[in-house]
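Structure assessment
Residue-level listing of the chains:
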Amino acid sequence: MSRPVVVATAAAAVVVLVAPYLTGTYYQQLLAQAFLYAIVAVSLDFVWGYAGVPDLGHALWFGIGALSVGHATTVLSDVGLVEEVHGSFGRYALGTVAGVVIATALAAIVARLCLSSRRTNDFYIVVVTLALATAAVTVYDQTPALGGGENGLFGFNLQNVTPLGWYYITAALLAVTVAVALVVVRSDFGLLMRAVRDNAPRARYLGYNDVNVKIGVFTAGAAVTALAGAVFAMMTGVANDGQFSFTLATSMLVWVAVGGRATIVGPMVGAIVMSLAGAKLNEHFPAQWTIIEGALLIAVVVFVPGGLIGPLVRLAGRLLARRYPPRGRTVTAAAAARPTGDSGGGRPVIRIRDLVFGYGSLRVLDGVTLDVVAGELLCVVGPNGAGKSTLTSVITDRRLRAQGEVEYLLQGHRLGARPAAHEIARAGVGRKFQIPSVFASLTVAEALLLAGRRGAPPSPWRRSTSVEVAPAVVDIVRIAGLDGRADTLSSDLSHGLRQGLEVAMTVAARPRVIILDEPTAGLTAHERHDIGRVLEHLRDIGIAVVLIEHDLDFVVRVSDRVVVLHGGRVIEDGPPETVRGSEVVRSAYLGTAVR
Ligand SMILES: Nc1ncnc2c1ncn2[C@@H]1O[C@H](COP(=O)(O)OP(=O)(O)OP(=O)(O)O)[C@@H](O)[C@H]1O
């Protein structure tokens, strides 16, 4: 931490310690509630801001925590009225643990159902979280035996803790939450969270299970929020439908959006300021405050998507960085990070037999049969729409329902019948997309760091500062003009530089088979020549290189074998010169029908 950050943190700590002595009990209670809401905002920032999973019903987890403590400590009558309160500490602990466990389990189920299928996407989780929060309030109100109905449960607050005590307890919980959150988002795992948010398919094809990352973060967010809900209930002695409500869920979204997504500090400040303002304004203008909150959310999302506090935090960070330059990540070549191809060159590493695949009624691959061989540079060519990119997709993701066989003969890896994209990538099949696909919010070095781990779970607290990659990756970085740009954000790179970065990322993952869809598009003739040399080097060390290309001169120069795809069928498979001279190929490229 730089000195100004230490000073600012110490100053904030002094203010928090002294503030309750300058205010009365009323404000101590309000602030203690605001701190709990700030914990919720930080957890939602994790889920929505960093992992990109929109949870519109985040209040549900808060309500479950509160209701669980209410239930553990009270005895209800037949009509749901509180008859007795059990004030033993064990009951509070039991309620808290049960609330966290129930919220965690339910969140894991919801996230798995909404996120794990190829056919589901963010839209599902938006609808499901919204529907769940709404349904929870209805169930709550209609089932008095569960939560006291519209009256809720009350009078069960933990005795012997004063408002000042709660103030310090909640402040300490918030400090721990923020500290842990900052460590995690700055760690290597934090990079993965942002990578999955920015570009889940790219993360998947580098060997990461993006769905599990999202499910894990969503579930952790629910657990922390349930804990905050449980403490809230112990402190106030109240559990009611308001804690589940869509109104509270909307407030949570407003805190994060107004504070600034993916900043931690922004949502924390947003929650404290907005909940204090809300509490005061609600006293005088209860109806108007809800409208103001809704309008604020719309205004921020439309006009200042970065939020109000987040940009200030970033600006302060930039100003500080000028005075105290942060330690950037360095990219260095390491022999140990060298990709190792198969020693037995000439051996098939992927065997494809009679592959048939279509989009609806459109048949795109029509009985493709070919071998991908270690230590060979294979070019796949064909006119637009021939099925080249589709073939890449079907080879690198067997969850795509294709008929026929794809067998992976990668030493040391046994893949199941229909391995997922991340499993295939981990086994050593690397893929570069046709349109450059990078992680917008990651720097060049950060992207290479993640790529180099090839799906190995990154540490949630360690922040690697040096990135060791294969010498070939350093060559690609140099050829692509990325030298000296280790700390440049991928979103700030030109099209050509992104192209180079994606090739470098694919090689950094130490693949044994590398499939590159038009890696030289957007590069100059000189850069193409250099990339060609890197690909030849990869081939020479035993890697199977599959290149999808349109530039026939380049293809003839670098390839050992050329496969021509036309109308989803392999119409030629042989040495480059033979293929170039082929009448069938010429007519295919000129658009004449091939029989
Ligand atoms: N997701 C999709 N849904 C429906 N049709 C698709 C989809 N992706 C590709 N296609 C169609 O499948 C056919 C083959 O496309 P593909 O991108 O595999 O060809 P290609 O040989 O890579 O072409 P290009 O050289 O232009 O990239 C095309 O007719 C294309 O329109």
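From a predicted model like this one, the values you see are computed outputs, not experimental measurements. (Residues numbered from 1 in each chain as written. Predicted model: local features only at pLDDT ≥ 70, side-chain atom pairs only at ≥ 80, totals over all residues.)

This part takes up the UniProt feature "transmembrane region" (unreviewed entry) in the protein. Within the UniProt annotation, "transmembrane region" (unreviewed entry) is assigned to residues 30-51, 58-77, 89-111, 123-140, 165-185, 211-233, 253-277 and 289-313. Taken end to end, residues 165-185 has its terminal C-alpha atoms 30 Å apart, with 100% of it in helix and 0% in strand. Across residues 289-313, the secondary structure splits into 76% helix and 0% strand, with the terminal C-alpha atoms separated by 27 Å. (UniProt positions renumbered as here; feature names shortened; annotations may be inferred. Helix = DSSP H or I, 4+ residues; strand = E, 2+ residues; numbered from the N terminus.)

What follows concerns the sheet that holds strand S12 (residues 513-517). With mixed pairing, six strands are arranged side by side in an open sheet as S10-S12-S13-S8-S14-S15. Since the sheet does not close on itself, it has two edges, and those belong to strand S10 (429-432) and strand S15 (569-574), each with one partner. Strand after strand, the sheet turns through a mean of 15 degrees between neighbouring axes, direction not considered. Note that strand S14 (residues 561-566) and S15 share five bridges and pair antiparallel. Of the residues in S15, the one forming a bridge with histidine 566 is arginine 569. (Pairing = 2+ DSSP bridges. Axes fitted to C-alpha atoms, helices over the stretch in contact; angles between N-to-C directions.)

Now for the domain arrangement of the protein. As far as domains go, the protein holds domain 1 (3-245) and domain 2 (348-457 + 464-590). For domain 1 versus domain 2, the separation of C-alpha centres amounts to 44 Å. Of all the secondary-structure elements, those providing two or more residues to the side of domain 1 that touches domain 2 are helix H8 (188-198) and helix H9 (200-204). (Domains from an automatic or database assignment.)

The element S12 is largely enclosed, with a buried count of five among its five residues. Here S12 shows no split at all, with Val513, Ile515 and Asp517 on one side and Ile514 and Leu516 on the other all buried. Looking at chain direction, S10 and S12 are connected through four bridges and run parallel. For valine 429, the partnering residue across the bridge sits in S12 and is valine 513. Note: S12 against strand S13 (residues 544-548), five bridges, orientation parallel. Counterpart to leucine 516 in the pairing with S13 is leucine 547. Following the backbone out of S12, through helix H20 (residues 525-540) and into the adjacent parallel S13, one traces a crossover that is right-handed. (Buried ≥ 20, exposed ≤ 12 C-beta atoms within 10 Å, placed from the backbone. Right-handed = clockwise from strand over helix to strand, strands pointing away.)

Moving on: the sheet that holds strand S7 (residues 362-373). The strand order S7-S6-S9 describes an open sheet built from three strands, whose pairing is antiparallel. Each end of this open sheet is capped by a strand with a single partner; those strands are S7 and strand S9 (403-408). Across the sheet, the mean angle separating the axes of adjacent strands is 15 degrees when strand polarity is ignored. Note: strand S6 (residues 348-359) against S7, nine bridges, orientation antiparallel. Bridging across to S7, isoleucine 352 finds its partner in leucine 370.

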